[in-house]
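Results of the structural survey
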Number of protein chains: 2
Amino acid sequence: MRKSIATVSVSGSLTEKLEAVARAGFDGVEIFENDLLGCPLPPEQIHERAQALGLGIDLYQPFRDFEAVTPDRLADNLRRADHKFRLMERLGADILLVCSNVSPGAVDDDALAAEQLRLLAERAAEHGIKIAYEALAWGRHVDTYLRAWRIVRMADHPNLGTCLDSFHILSRGSDPGGIEAIPGDKIFFLQLADAPLLAMDVLQWSRHYRCFPGQGGFDLAGLLAHVLRTGYAGPLSLEVFNDSFRQADAGRTAVDAMRSLLALEESVAEVLGTGSPLPRPAQPEGFAFAELATRDHKRLGGLLGALGFARTGQHETKPVELWEQGRARILLSRIHPDSPTDTSLVAIGLESPDPALSAARAKSLLSPALPRHRAADEAPLAAVAAPDGTELFFCDSAQPRWRDDFDAVEPPRGHIGHIDHVALGHSWDHFDEATLFYRSVLGLRPHESVEMADPYGLLRSRAMSNASGTVRLALDMAHVGAASQELPGQHIALADDDVVATARRLRALSDDVLLPIPDNYYDDLRARFDLGEARHRELRELGLMYDRSDEGEGGEFLHLYTVTVGRVFFEIVQRVGDYRGFGMANAPVRLAAQHPPAPAPERD
Amino acid sequence: MRKSIATVSVSGSLTEKLEAVARAGFDGVEIFENDLLGCPLPPEQIHERAQALGLGIDLYQPFRDFEAVTPDRLADNLRRADHKFRLMERLGADILLVCSNVSPGAVDDDALAAEQLRLLAERAAEHGIKIAYEALAWGRHVDTYLRAWRIVRMADHPNLGTCLDSFHILSRGSDPGGIEAIPGDKIFFLQLADAPLLAMDVLQWSRHYRCFPGQGGFDLAGLLAHVLRTGYAGPLSLEVFNDSFRQADAGRTAVDAMRSLLALEESVAEVLGTGSPLPRPAQPEGFAFAELATRDHKRLGGLLGALGFARTGQHETKPVELWEQGRARILLSRIHPDSPTDTSLVAIGLESPDPALSAARAKSLLSPALPRHRAADEAPLAAVAAPDGTELFFCDSAQPRWRDDFDAVEPPRGHIGHIDHVALGHSWDHFDEATLFYRSVLGLRPHESVEMADPYGLLRSRAMSNASGTVRLALDMAHVGAASQELPGQHIALADDDVVATARRLRALSDDVLLPIPDNYYDDLRARFDLGEARHRELRELGLMYDRSDEGEGGEFLHLYTVTVGRVFFEIVQRVGDYRGFGMANAPVRLAAQHPPAPAPERD
């Protein structure tokens, strides 16, 4: 299917926008009037530039407040339209988007609207231009797609059709099933946008919070299936007003946008029962390893040793150590001495039932593939870059041959058995992209987005998991509007079958391994849960945090945190029963504890 | 009146928060549970720390989902409450805030709620604690202040009263007049928050967008007057959940908060007809001057010369030049060679009918006074720092003696007559503060906050003006969520009585003085307004922008921009008729034109 995007969806000057969307592989653009007005090039040269980039100009927009007006207003509106038709001829655009009238002067009269739109279509026809009439969700009178379609049908002119916009339809809760009653050749254009499900004024919601399909909460595959059943053969065009995308790197946003359409094509093929255009997802089955890069091997090795890990191997050709306990595996590599970064999580190994398929799918969804320098006898590993820069390796679940490169001895067995989840830190402009990336590339399911109060601002967090819960990621982000561009910490949560024993051992070992939890937390815990005195005392003495949930069959969560090294810390967790969460209720206390104590107050 | 603030209103650890609010002069705090839980100090030491800082702990909060529950839930809730009472004794807090129940298990039965709250009050009394019961705007059943008060009255216990929160009352559009029916001694606590008038889910509105009184759209003086007429003698306490304040500097936020209460006390005194606690405002009557600091005197002097300004004087003791045309006066001073800043607006002189009074009012509203090194025979000028760091000088309207220090010659007369407005650039965390500052300190009236699309993000702008329109400021801000912390440009708009003549002269003079406006703007202008061919051609040839408005008597606006030097550019404006705006409709085109053209596209 032809793929387009509105210029308002990415940042930059008009020529920068055209460059970015062409590079991401789009076939066409909707040109937004304000982008054209601010451009120093005349329309003819914009057309040439687009052509040279292989982009069609699929639509020009918006033309506002045209229909259902008084006769003198109509004359002025037709004069306005004539100017736009001449401009569109110069620009090489042949569809004009007309949004339903929002002005107080609009008359509530569909016949009048139809008559005036027919007049507009007649004029447009003289210029070889078509009019796509769209119901805005906040239109003065015409605010549903079915009413817009009724007016178009009444006007009955070959140069007049309707434009469907998923946001305007789904934000109002309209049933998209009615689309199938519209002949496909009267749907002149289809605009797609997703959005998080927010209870707010629809105009503000539309202007600031739209996002690409798969990043929000709308069922766009369902809507698109209805549209395709009509025989619609025009472009899928993304029209996304988003405060973050307006500021983010245009090239990256354009790739994110294209990925969203590729994934949507797959989803709609599933709904329609047609062939999938993408290699099917090979959902990861577990964590093969997590890799930390550090300058401070001694400190990190000491911390892992204290947690019961042993150094079981050394990579044959690279300065990388393998540390293991049960099936929990951590690689320690070296940061380049010139790099400004501190200790951080740099890679995750994912167990895939079919690594080649995983890699092929990632590639077809535009994930940047990473070249790997590999010695002749090393295990081949396909890797792609995740949105936060973490390298993702696809490792064979059945034959973990990568471990052979480390000539590793048998791992020790302890209470820690595997990696429970990994938390990644994102900047504000990569958060929505990350949701879509993990959803489409890895086939993970997004959970609710939640907010956590840190002493210096709100953080946002969204969990993603596979169906069985053996791969869980927490995508964290410093809140939009962050004072600093500082990224949230990264952490590796390790599953423990007796966290009380582990905590007891660690407390006895040293005061410097575990994050101290304020005593006030335990007073409150006693008020929140009736745990019994002995259990409560044990938690307090060991600095263990506690949560309980009724979700599913219900369960308990016991967890504790190590100190932070660079950007990274470890969490040790024990899930009791069917606990599916991440102990979010305890996050504000943990976040406060992770800030270094304030210096002694100065007085002035 | 006693002044308090909830710890959630400022950023930092609990001890940092206490320090910041004590320095700003608050008498007490509401301690938020999460701030206490994350604090490593035991409650007794928090109490001591507060006492040492002169702060009372006026309230502990929140206690949730207590009333109107089933008997087994009640037992558990009373157990929870017992823990909190013991904690509060250690903390030295004697009022507990109980929010109306939001849980699905709450029963819609006021008599049951009253009975259970009475039980809670009896238990509280044993600890010397009082219960302040508050209706949340999103309470399950109790969501209005009058219903909460009816339940309190029904429960009839001396340790049970109500807590009023301006947000919960005004966000629902409740009439605050009903407050006067509550006896003052049954209002145990008053929480104040303002908010911008947004149409959105009230819970999200409350949790993210509250602001300090005078920064939003609520009539808080009216509400407070009703409360004071009941005989209420407790504290005025600010409870403000705001995403920006959570991240901003705590000390600065606390001063902003205190300023809001001082201004509110004045407003309520006006409503009640009692004596004002502040020196009355001496509203500025005009711009005496604007001062630019630069390293590039030659470039800036050249630009001013081209605009028709002449260098009329040199300061007797400082390296500052005076440039004038009519009553438009620009000072050029030197940037310290070590300063990293580029050419910028550093000071504004405001004509005041009573400079000493203006300065006294600014001081009483906690504006940082600026020390001025002054030679014995120089004119005294009182100055304060505005939120963006600009120095504001109060100059005598009747006797502009400051000009004598420049030994200035007669200014030239040209088409430019005075400064029309000045636009200041703010970071995201100083925008609300700036609104309140100009409103309270200078007595200016805030206009609507508007958004403008820049190619690299949305900007926000809010105009402030005096009653006669002779002092207009535009407060600009890079949008919350800014990718870069780059500040918007600053500009000085100069009023011209024949901007066409000025434009013609400048175009003839040089190509490097005026900002080029894209031709596409003029094609669109022709579509928007029926200006006539000759007028349209003139605007296009001269690069003049145009706007028209029906506000008031209606009028026209003609304007153009110079190139930018450092952070600063000039705008030349002509207001025709009763035009009151700032040509905002043209802002996106101007902003696009101000970005340097993109480099030639690279292909890869």
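Scroll up to find the structure.
Residues numbered from 1 in each chain as written. Chains lettered and ligands numbered in written order. Predicted model: local features only at pLDDT ≥ 70, side-chain atom pairs only at ≥ 80, totals over all residues. Heavy atoms only, no water.

Here's the deal with the relation of the copies chain B and chain A
- For these two chains of identical sequence, chain B goes onto chain A by a turn of 180° and a shift of 0.0 Å along the axis, with RMSD 0.0 Å. Here the transformation between the copies is reduced to the relation of a two-fold axis.
- When you check the interface residues of chain B against chain A, 100% turn up at the interface there too, and the contact is symmetric in its surfaces. (Least-squares fit on C-alpha atoms with pLDDT ≥ 70 in both. Contact = heavy atoms within 4.5 Å.)

Thoughts on the side chain of Asn-586 of chain A
Residue and element names in this part refer to chain A.
- Tracing the backbone through its elements, the reader meets Asn-586 in the loop between strand S23 (568-578) and helix H17 (587-594).
- Accessibility expressed as a relative area gives 1% for Asn-586, which makes it buried.
- In this structure the side chain of Asn-586 is engaged in a polar contact, spanning 2.9 Å, whose partner is the side chain of Tyr-521.
- If we ignore the near neighbours within four places in the chain, the residues touching Asn-586 are Tyr-521, Arg-528, Met-545, Tyr-546, Asp-547 and His-559. (Helix = DSSP H or I, 4+ residues; strand = E, 2+ residues; numbered from the N terminus. Buried < 20%, exposed > 50% of the residue type's maximum accessible area, 1.4 Å probe, protein only. Polar contact = N/O pair within 3.5 Å; in protein donor to acceptor, adjacent residues only side chain to side chain.)

Digging into the interface of chain B and chain A
- Contact with chain B, which involves 64 residues of that partner, is made by 64 residues of chain A.
- When the two sides are added together, the surface that chain B and chain A hide from each other amounts to roughly 5100 Å², 50% of it contributed by carbon and sulfur.
- Between the two partners, chain B and chain A, sit four salt bridges.
- Of the charged contacts in the structure, one is a salt bridge between Lys-84 of chain A and Asp-524 of chain B, with a shortest N-O distance of 2.6 Å.
- Seen at the junction of chain B and chain A, the total is 25 residue pairs in polar contact (both at pLDDT 80 or more).
- Going through the elements one at a time, helix H1 (14-23), helix H2 (33-37), helix H3 (43-52), helix H4 (71-91), strand S17 (445-454), strand S18 (457-465), helix H15 (519-528) and helix H17 (587-594) of chain B are the ones with two or more residues in the side of chain B that touches chain A.
- Tallying contributions element by element places H15 of chain B first for the side of chain B that touches chain A, with seven residues.
- Tallied by class, the residues present in the side of chain B that touches chain A amount to 29 nonpolar, 14 polar and 21 charged. (Buried area = accessible area lost by both parts, 1.4 Å probe. Salt bridge = Lys/Arg side-chain N within 4 Å of Asp/Glu carboxyl O. Nonpolar A, V, L, I, M, F, W, Y, C, P; charged D, E, K, R; others polar.)

As for the packing of helix H1 (residues 14-23) of chain A against helix H3 (residues 43-52) of chain A
Residue and element names in this part refer to chain A.
- The geometry of H1 relative to H3 is characterised by a closest axis approach of 10 Å and an angle of 20° between their N-to-C directions. Classified by the interaxial angle, the pair formed by H1 and H3 is roughly parallel. Note on packing geometry: the crossing formed by H1 with H3 is right-handed. In this structure, H1 contributes Leu-14, Thr-15 and Leu-18 to the contact, and H3 contributes Ile-46, Arg-49 and Ala-50. (Axes fitted to C-alpha atoms, helices over the stretch in contact; angles between N-to-C directions. Parallel < 35°, antiparallel > 145°, perpendicular 65-115°, else oblique. Left-handed = near helix turned anticlockwise from the far one by under 90°.)

Let's talk about the packing of helix H14 (residues 499-509) of chain A against helix H16 (residues 533-542) of chain A
Residue and element names in this part refer to chain A.
- Close contact between H14 and H16 brings their axes to 10 Å; oriented N to C, the two are set at 45°. By the angle between their directions, the pair H14 and H16 is classed as oblique. At the point where H14 passes H16, the crossing takes the left-handed sense. Taking contact as the criterion, the partners of Val-500, Ala-503, Arg-504 and Arg-507 in H14 are, on H16, Glu-538, Glu-541 and Leu-542.
- Residue composition of the contact of H14 with H16, grouped by class: three nonpolar, no polar and four charged.

Quick look at the packing of aromatic side chains
- All told, the structure shown has 28 aromatic pairs over all chains when counted by the stated rule.
- With a centroid separation of 6.0 Å and an interplanar angle of 85°, the aromatic rings of Trp-402 of chain A and Phe-406 of chain A are classed as edge-to-face.
- A residue is classified by how much of its surface remains accessible, and Trp-402 of chain A, at 4% relative accessible area, is buried.
- Aromatic side chains Phe-289 of chain B and Phe-393 of chain B sit 6.0 Å apart centroid to centroid with 45° between the ring planes, which places their arrangement in the tilted category. On the criterion of sequence distance, the pair formed by Phe-289 of chain B in strand S9 (residues 286-294) and Phe-393 of chain B in strand S15 (residues 391-396) is long-range, its members being 104 residues apart.
- Phe-289 of chain B sits in the buried class, given a relative accessible area of 2%.
- Exposure remark for Phe-393 of chain B: the relative accessible area of 0% places this residue in the buried category.
- Clustering of aromatic rings is evident, with ring pairs tying together Phe-289, Phe-393, Trp-402 and Phe-406 of chain A.
- The ring of Phe-188 of chain A is capped by Lys-130 of chain A, whose NZ or CZ atom sits 4.4 Å from the centre of that ring.
- Over the ring of Phe-582 of chain B we find Arg-575 of chain B, and its NZ or CZ is 5.7 Å from the ring centre. (Phe/Tyr/Trp six-rings, centres within 6.5 Å; stacked < 30°, edge-to-face > 60°. Lys NZ or Arg CZ within 6 Å of the ring centre and 35° of its normal.)

Some details on the pattern of salt bridges
- In total, this model carries 66 salt bridges over all chains according to the counting rule given.
- Asp-110 of chain B serves as the salt-bridge partner of Arg-147 of chain B, at 2.8 Å between the closest nitrogen and oxygen. Remark: Asp-110 of chain B occurs in helix H5 (residues 110-126) and Arg-147 of chain B occurs in helix H6 (residues 145-155); sequence separation between them is 37 residues. Assigned by exposure class, Arg-147 of chain B and Asp-110 of chain B land together as buried.
- Here the residues in one salt-bridge network are Glu-44 and Arg-90 of chain A together with Asp-519, Asp-523 and Arg-540 of chain B, joined through shared partners.

None of the figures reported here should be taken as evidence of function without further support.
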